[in-house]
Protein chains: 2
Amino acid sequence: MVRAGLTPERLTRAGAELADEVGFDRVTVSELARRFDVKVASLYSHLRNSEDLRTRIALLALEELADRAADALAGRAGKDALTALANVYRDYAREHPGRYAAAQFRLSPEAAAGSAGVRHAQMTRALLRGYDLTEPDQTHAVRLLGSVFHGYVSLEMGGGFSHSAPDTQETWSRILDALDALLRNWPPTTP
Amino acid sequence: MVRAGLTPERLTRAGAELADEVGFDRVTVSELARRFDVKVASLYSHLRNSEDLRTRIALLALEELADRAADALAGRAGKDALTALANVYRDYAREHPGRYAAAQFRLSPEAAAGSAGVRHAQMTRALLRGYDLTEPDQTHAVRLLGSVFHGYVSLEMGGGFSHSAPDTQETWSRILDALDALLRNWPPTTP
DNA sequence: GCATTCACCTAAGACCTATAGGCAAATGCC
DNA sequence: GGCATTTGCCTATAGGTCTTAGGTGAATGC
């Protein structure tokens, strides 16, 4: 009996590749087994179930994304950092659409707590040190940036901007200009 | 033989309700048949397949959302209109999470062309008439607003903001303040 | 050299999607 | 009113996915 050498890690990586090829929602335990030339049931010694697989892929994607973000932010500040971080998300989604979708997977509270999600928030907060925001506006700004990055990327990937001029690269640059201007000139709370 | 009175429209509405109850990705032809107390195969006279069902639910959600938006924008301008439109998306997502998820369903190009998606872009453009933006900045702003609304709502629904203070209502208000300020003071293109 | 563990297997049950073909009630026509 | 057609739902069937239970052979441990 030749062993396939299955481990949770190898299965997760292969699952992530599968997600990029066919889409995260089409990742299936059966297809994964097929790719390892192994019977489906064999995977259940390494994975609890198919949600477990999805969760692992999501955690992998969050880690990869956080690593890239940390890299991109190193040595940068202000608008330079803003652009770098924004491009990390956009580029990752383009290179790895399945993984990016996985990163949006709704994790159980326990899984979420142990995920790289926390690092993402911390890095956005670090980025904002280049601007003059104090709490609670800093938190609001963290959430705004997260919303714009995620919203833009998912609309662009979903084809939401596809049929209209001008091109999306132009819009992306102008949105980053606008966010930078907004952060430098954050409006005071209205009474 | 008592007839159940199946039609594509009734099935679509029931499918939308099902989506709100169990989640759009758990909408299944089988469950729908069960709810009508009918055999699964019977649905296939009214629906081409399960993707057809999903598409119909998505189109329904887009229509409902556009209707609400049109209603909310009537007679409003400026920040008042901005807030109203933003709240339409957020409230709809809270009241009808499954339908909201459906509205994000990737439609085929033909389906997308015939959808209410176009109305949404038009309404956002109409809203911007209250601000002083000319093309191409108006298009960039349309896309920015779409990104923020969609991004914020999906992060909030996905629990992305759940564990941290301050509360999300506060953030939502401040983000609308910020967007209003940004639109009134849109930065010029950097040379 | 035997017991244990590990890695993968077969078998089987429960669902879901989809197609083909059939029967009965409703409808349309004379 | 009687007949043909259409409509609406049915049974049967085939194939795919998920998951658990229990088994076997090869590697490892004593």
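These numbers come from a predicted model, not from an experiment.

About the criteria used
- Each chain has its residues counted from 1, running along the sequence as written.
- Going through the entries in the order they are written, you letter the chains from A and number the ligands from 1.
- For a predicted model such as this one, the threshold for reporting local features is a pLDDT of at least 70, and the threshold for listing and counting side-chain atom pairs is 80 or more; totals across whole chains, interfaces and linings nevertheless cover every residue.
- Think of the side-chain values as coming from all heavy atoms in the structure, minus any hydrogens and water.
- UniProt positions are given in the numbering used here, feature names are shortened, and annotations may be inferred rather than shown by experiment.
- Counting from the N terminus, the helices are DSSP H or I runs at least four residues long and the strands are E runs at least two residues long.
- Joining through side-chain atoms within 4.5 Å is the link that ties buried Ala, Val, Leu, Ile, Met, Phe, Trp, Tyr and Cys residues into a set, and such a set is a nonpolar core.
- The cut-offs for exposure are 20% and 50% of the maximum accessible area for each residue type, with area from a 1.4 Å probe on protein chains only; residues under the lower value are buried, those over the upper are exposed, and the others partly exposed.
- Between two residues, a contact is recorded if the distance between any of their heavy atoms is within 4.5 Å.
- Buried area is understood as the total, over both parts, of accessible area removed when two parts are fitted together, assessed with a 1.4 Å probe.
- We count a salt bridge whenever a side-chain nitrogen from Lys or Arg sits within 4 Å of a carboxyl oxygen from Asp or Glu.
- In this analysis, the protein atoms alone were mapped onto a 1 Å grid. Cavities are point sets where a 1.4 Å probe fits without being able to get out; pockets are open sets with protein on both sides within 12 Å along at least five of seven lines; lining residues have an atom within 4 Å of a point.
- Grid points are joined across faces, edges and corners, and a volume is the space filled by probe spheres set on the points.
- Here the term charged refers only to Asp, Glu, Lys and Arg, the term nonpolar to Ala, Val, Leu, Ile, Met, Phe, Trp, Tyr, Cys and Pro, and the term polar to all other amino acids, Gly among them.
- For the least-squares superposition of copies, only C-alpha atoms count, and only for residues with pLDDT at least 70 in both.
- A pair of aromatic rings is counted whenever rings of Phe, Tyr or Trp (Trp by its six-membered ring) have centres within 6.5 Å, and the orientation is called stacked for planes under 30 degrees apart, edge-to-face for over 60 and tilted otherwise.
- A fitted line through C-alpha atoms represents every axis, and for helices the fit uses only the stretch in contact; the resulting angles, taken between N-to-C directions, go from 0 to 180 degrees.
- An angle counts as roughly parallel when it lies under 35 degrees, as roughly antiparallel when it exceeds 145, as roughly perpendicular when it falls between 65 and 115, and as oblique in every other case.
- Working rule for helices: expected span equals 1.5 Å times residues minus one.
- Polar contact is defined as a pair of N or O atoms within 3.5 Å, subject to the rule that within protein one atom must be able to donate a hydrogen and the other to accept it, and that residues adjacent in sequence are counted only when both atoms are side-chain atoms.
- Confidence of the predictor at the level of single residues is captured by pLDDT, which takes values from 0 to 100.

## So, the UniProt feature "domain: HTH tetR-type" (unreviewed entry) in chain A
As annotated in UniProt, the feature "domain: HTH tetR-type" (unreviewed entry) corresponds to residues 5-65 of chain A in the numbering used here. Along residues 5-65 of chain A, the helical share is 62% and the strand share 0%, with 27 Å between the first and last C-alpha atoms.

## Observations concerning the nonpolar core
One finds Phe149(A), Leu179(A), Leu183(A), Phe149(B), Leu179(B) and Leu183(B) to be the most contacted residues of the largest nonpolar core, which totals 107 residues. Excluding anything up to four places from it in sequence, Phe149(A) contacts Leu82(A), Leu85(A), Ala86(A), Tyr89(A), Tyr100(A), Trp172(A), Leu176(A) and Leu179(A). Formed by 17 residues, the second largest nonpolar core is a distinct cluster that contains Leu6(A), Ala33(A), Leu47(A) and Ile57(A).

## Some words on the interface of chain A and chain B
Residue-level contacts link 38 residues of chain A with 38 residues of chain B. Summed over both sides, the interface between chain A and chain B buries roughly 3,000 Å², with carbon and sulfur atoms accounting for 61% of that surface. Three residues, His140(A), Arg143(A) and Arg174(A), lead the burial of chain A against chain B; their summed loss comes to 24% of the area buried on that side. Between the two partners, chain A and chain B, sit two salt bridges. We note a salt bridge from Arg174(B) to Asp137(A), for which the minimum N-O separation is 3.3 Å. With 14 residues, the top contributor of residues to the side of chain A that touches chain B is helix 8 (residues 137-157) of chain A.

## What to know about the pattern of salt bridges
All names here are of chain A. Scanning the model with the defined rule gives 36 salt bridges over all chains in all. Close ionic contact of Arg-94 with Glu-156 constitutes a salt bridge, the shortest N to O distance being 2.9 Å. Of this pair, Arg-94 sits in helix 4 (residues 78-95) while Glu-156 sits in helix 8, placing them 62 residues apart in sequence. The exposure class assigned to Arg-94 is partly exposed, which follows from its relative accessible area of 44%.

## Thoughts on the layout of surface pockets
All names here are of chain B. Here the second largest pocket defines a volume of roughly 180 Å³. Residue lining of the second largest pocket: Arg-48, Asn-49, Glu-51, Asp-52, Thr-55, Arg-56, Leu-59, Ser-108 and Ala-111, and that is the complete set. It is helix 3 (residues 50-73) that provides the largest number of residues to the lining of the second largest pocket, a total of five residues. In terms of residue class, the lining of the second largest pocket is made up of two nonpolar, three polar and four charged.

## Structural notes on the relation of the copies chain A and chain B
Under the fitted operation, chain A is carried onto chain B by 0.0 Å of movement along the axis and a turn of 180°, and the coordinates agree to an RMSD of 0.1 Å. The transformation relating the two chain copies, once decomposed into turn and shift, fits a two-fold axis. When C-alpha positions in chain A are compared against the rotation axis, the closest is assigned to Gly151(A), at 1.8 Å. Both copies contact each other with a shared surface, as 100% of the interface residues of chain A are interface residues in chain B too.

## Some details on the packing of aromatic side chains
Across all of its chains, the model carries eight aromatic pairs over all chains by this definition. An angle of 70° between the planes, with centres 5.7 Å apart, marks the rings of Phe24(B) and Phe105(B) as edge-to-face. A residue pair is termed long-range when its members are at least 10 positions apart, and Phe24(B) in the loop between helix 1 (8-22) and helix 2 (29-35) and Phe105(B) in the loop between helix 5 (97-103) and helix 6 (109-113) qualify at 81 residues. An aromatic cluster is built from Tyr152(A), Phe161(A) and Trp172(A), whose rings are joined through pairwise contacts.

## A few points about the packing of helix 1 (residues 8-22) of chain A against helix 3 (residues 50-73) of chain A
All names here are of chain A. Two elements in contact, helix 1 and helix 3, have axes whose closest approach is 9 Å; the angle formed by their N-to-C orientations is 75°. The orientation of helix 1 with respect to helix 3, classified from their angle, is roughly perpendicular. Here Pro-8, Leu-11, Thr-12, Arg-13, Gly-15 and Ala-16 of helix 1 come into contact with helix 3, specifically with Leu-53, Arg-56, Ile-57 and Leu-60. Residues that form the contact of helix 1 with helix 3 fall into these classes: six nonpolar, two polar and two charged.

## Things to note about the UniProt feature "DNA-binding region" (unreviewed entry) in chain A
Within this numbering scheme, the UniProt entry marks residues 28-47 of chain A as carrying the feature "DNA-binding region" (unreviewed entry). Taken end to end, residues 28-47 of chain A is 35% helix and 0% strand, and its two terminal C-alpha atoms sit 12 Å from one another.

## Notes on helix 9 (residues 168-184) of chain B
Quick reminder: α-helices carry 3.6 residues per turn. Residues three or four places apart thus point the same way. Residues and elements named next belong to chain B. When the terminal C-alpha atoms of helix 9 are compared, their 24 Å separation across 17 residues agrees well with the 24 Å that a helix rising 1.5 Å per residue should span. In terms of burial, helix 9 is a largely internal element, 13 of the 17 residues being buried. Looking at where helix 9 begins, the residue whose side-chain oxygen comes 3.0 Å from the main-chain nitrogen of Gln-169 is Asp-167.

## A short note on the environment of Gly15(B)
Residue and element names in this part refer to chain B. Inspection of the secondary structure assignment puts Gly-15 in helix 1. Separated by 89 residues in sequence, Gly-15 and Gln-104 have C-alpha atoms that sit 16 Å apart. In contact with Gly-15, other than residues within four places in its own chain, are Val-27, Leu-32 and Ile-57.

## Quick word on the confidence of the model for chain A
Averaged over every residue, the pLDDT of chain A is 93; the share at 70 or more is 96%. Here helix 6 (residues 109-113) of chain A is the element of chain A with the lowest mean pLDDT, 87, and helix 4 of chain A is the one with the highest, 98.

## Considerations on the environment of Asp137(A)
All names here are of chain A. Take Asp-137: it is sitting in helix 8. Asp-137 sits in the buried class, given a relative accessible area of 15%. Here the alpha-carbon distance between Asp-137 and Asp-80, two residues 57 residues apart in the chain, equals 21 Å.

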